[in-house]
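Breakdown of the fold
Below, each chain spelled out in residue letters.
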Amino acid sequence: MKTCKFQLLSLFGALMLLTSCGNNNGKNKSSGALNSSNAEKVYVAPGEHDEFYAFLSGGYSGNVTVYGLPSGRMFKEIPVFSQFPTSGYGYSEETKPMLETSHGFVPWDDSHHPEISLTNGELDGRWLFINGNNTPRIARISLTTFETEEIIEVPNSAGNHSSSFLTENSEYVVAGTRFSVPIPQRDMPINEYKGNFQGALSFISVDPEHGHMDIKFQIIMPGFNYDLSHPGRGKSHGWFFFTTYNTEEANSLQEVFASQNDKDFIAAINWKKVEEYVNNGGGTKVPAKYAHNVYDESTHTATSTMKKEVLTVNPLDVPGAVFFLPTPKSPHGCDVDPTGNYIIGNGKLSADLTVHSFDNMIAAIEGEKFDGEAYGIPILKFEDVLAGTVKSSGLGPLHTEFDGKGNAYTTFFITSEVVKWKLGTWEVIDRKPTYYSVGHLMIPGGNSRKPFGKYLVALNKITKDRYLPVGPETEHSAQLYDISGEKMELLSDFPTHGEPHYAAGIPTELLAPKAKKIYRLDENKHPYAVTSPDQARVERKGNEVHIYMSTIRSHFTPDNIEGVKVGDKVYFHITNHEQDFDVPHGFAMIGQNSSELLIMPGQTKSSLWEPKQVGVWPFYCTDFCSALHQEMQGYVRVSPAKSNIELSWSLGGD
Ligand code: CUA
């Protein structure tokens, strides 16, 4: 065992060296990586719009960023799992409930895989889903408001990595656990992992009307690591495929002990069969605590509900629903081509790419040609399900996307390149270096039935010398390739924010026309809204002071408030009366232990301030809203706790 361990460690050493010195030709500026026609291809003239939206996960920022392609211009950061002082998300009273979990308020996560909702396997542009990896959660973002509308926690899960991928009609958003854990969680020795820990694969239903999520069932699988997943499509609709690693069930030094088996598995799940089983009363309800947080656009307010049980399914109770496809070698990405026949396992310690065939899989299942079982789940024979192998394609394959023209594009982390190859013949057509060490790649619609195969974005892990140095930390680099021709062409680099593990792209015409411009004031159902300035007022309830405030260019109503005392909890409920596009107002109070607020036209947001010092304290608008923005300010008089100053408020001395 020792020798084996050291051999493996030295192999990793060699791989690390390859990573760090493989491609230092980024400095080779004179080689003309870009010619002028390539520059024109990414140039979007002032006032013109991009062809595609790209949603990049923010990784450890917990958020999502929105870019335009081909320009690489960043348009917005959408707060999802992290508090965001820029807008007040997670700080305002309305949005704090969005970040509630069974562990309490968790104002951060590690967002990984954005996915746009699908109808008939094609992008429909209604919602964007993304997983929180750390404290397992799935979020749904509206693609009309570009705001997070819903977050559901995933119990019995840890390292929510093989998520958030959607079935063909967004029937389910699927979340698979990276870490297997004791289910239910309990106090037990870690070294009793093997055979005792389990991995939950969660199928979360999505309401076709509102998008609301609910955990329909969790399949409780053997204690492997479930890495990535993708749905079947077309002929394989009704199935879902998950890569696994650590089929060794090691609980320590996984870089060695989880790399022993020559082959791990792709788990093939017939979710339609499981759904039918569950609809007929199958499965076991077990206690589980998880938060479900929903933002209501009409009240501009989120509520958090703690759920108490979840339906689990033992795969052995649903014969014919779960199979293992042997796949070399600690596979990472699990990608399904647009026809739904080819399932690509990207064996990250392998030099070759393994492509399985759905047709072969079905034939093998029907012929009951099994090669043993793992915890009672049948293992199919590798040779029986294999469609082909892409040979010598690179080293360290991670992820594959498709252009809809019969080609696949796979990223290779170790050899730092994107390789284009042909589905069916498995021949390599082209390869282009990335700068450096590419992880995911994204072609708009590139993992759906209908890819838009014009651009490819490589999401690189190492930036090094690509941009001006800014200290030890550099933003990750995305690279844009033109893939409309036979050979790929590198067009541009642009920096990203956080770590963009994955991205989702969609043509502009599917989103831009329905993007919301304002919230209608006459539809505002916030309980603390003031829909006309004469409703503005201040009310005391014990030590709570509620300030019903309105804003319009360029003043707050009221702007002078007296009668507040040290020890009070002061709630500013601010309604923005503007009804024009792009006229938010801000609100900031001195000494406030939260953030400023950015209030959109027609919206109400609330902010808590607990004054600790006697004095006359100013507040102001933080968003440059008019020529008189700097006049948009006011004062709160704070008196001693025992003072008997009457509550009063005014504007313009009235
Ligand atoms: Cu309102 Cu500046």
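Data block above holds the structure.
Residues numbered from 1 in each chain as written. Predicted model: local features only at pLDDT ≥ 70, side-chain atom pairs only at ≥ 80, totals over all residues. Heavy atoms only, no water.

With that settled, consider the overall build of the chain. Scanning the chain from terminus to terminus reveals 6 helices and 45 strands. Whereas a compact globule of 654 residues would reach a radius of gyration of roughly 26 Å, the chain reaches 27 Å, a difference of no more than 12%. When its C-alpha atoms are laid out on the principal axes, the chain stretches across 85 × 65 × 50 Å. By residue count, 58% of the 654 residues in the chain fall in the buried class. A fraction of 63% describes how many contacts in the chain between residues 6 or more apart in sequence connect residues 24 or more apart. (Helix = DSSP H or I, 4+ residues; strand = E, 2+ residues; numbered from the N terminus. Rg over C-alpha atoms; globule rule 2.2 N^0.38 Å. Buried < 20%, exposed > 50% of the residue type's maximum accessible area, 1.4 Å probe, protein only. Contact = heavy atoms within 4.5 Å.)

What follows covers the nonpolar core. A general trend in soluble globular proteins is that nonpolar side chains are found buried together. Counting 41 residues, the largest nonpolar core has Phe55, Ile138 and Ile204 as the members making the most contacts within it. In this view, Ile204 contacts Ile138, Ile152, Val154, Glu171, Tyr172, Val173, Ala175, Met213, Asp214, Ile215 and Lys216; residues no more than four positions away in its chain are not counted. (Core = buried A, V, L, I, M, F, W, Y, C linked by side-chain atoms within 4.5 Å.)

The residue Lys420 is located in strand E28 (residues 417-422) in this model. Buried and without a salt bridge, Lys420 has Glu486 as its closest oppositely charged side chain, separated by 4.6 Å. In terms of polar contacts, Lys420 uses its side chain to reach the backbone carbonyl oxygen of Glu486, at 2.8 Å. With sequence-adjacent residues up to four places away left out, Lys420 is seen in contact with Asn407, Ala408, Tyr409, Glu427, Val428, Ile429, Asp430, Gly485, Glu486 and Met488. (Lys, Arg positive; Asp, Glu negative; His and termini not counted. Salt bridge = Lys/Arg side-chain N within 4 Å of Asp/Glu carboxyl O. Polar contact = N/O pair within 3.5 Å; in protein donor to acceptor, adjacent residues only side chain to side chain.)

For the rest of this paragraph, the subject is the packing of aromatic side chains. Under the definition given, this model contains 31 aromatic pairs. Measuring from ring centre to ring centre gives 5.8 Å for Tyr53 and Phe146, while their planes differ by 35°; the resulting arrangement is tilted. In this pair, Tyr53 sits in strand E1 (residues 52-57) while Phe146 sits in the loop between strand E8 (137-142) and strand E9 (148-153), placing the two residues 93 residues apart along the sequence. Like Tyr53, the residue Phe146 is buried in the burial classification. For the pair Phe265 and Phe324, a centre-to-centre distance of 4.6 Å together with 15° between the ring planes defines the contact as stacked. (Phe/Tyr/Trp six-rings, centres within 6.5 Å; stacked < 30°, edge-to-face > 60°.)

What follows is about the pattern of salt bridges. Considering all chains together, one arrives at 30 salt bridges under this definition. Across the salt bridge formed by Asp124 and Arg126, the nearest N and O atoms sit 3.8 Å from each other. Lys461 is paired through a salt bridge with Glu499; the nearest N and O atoms lie 2.7 Å apart. One end of the pair, Lys461, is in the loop between strand E31 (455-460) and strand E32 (477-482); the other, Glu499, is in the loop between strand E33 (489-495) and strand E34 (503-507), with 38 residues separating them in the sequence. Under the relative-accessibility criterion, Lys461 is labelled partly exposed at 22%. Accessibility expressed as a relative area gives 13% for Glu499, which makes it buried.

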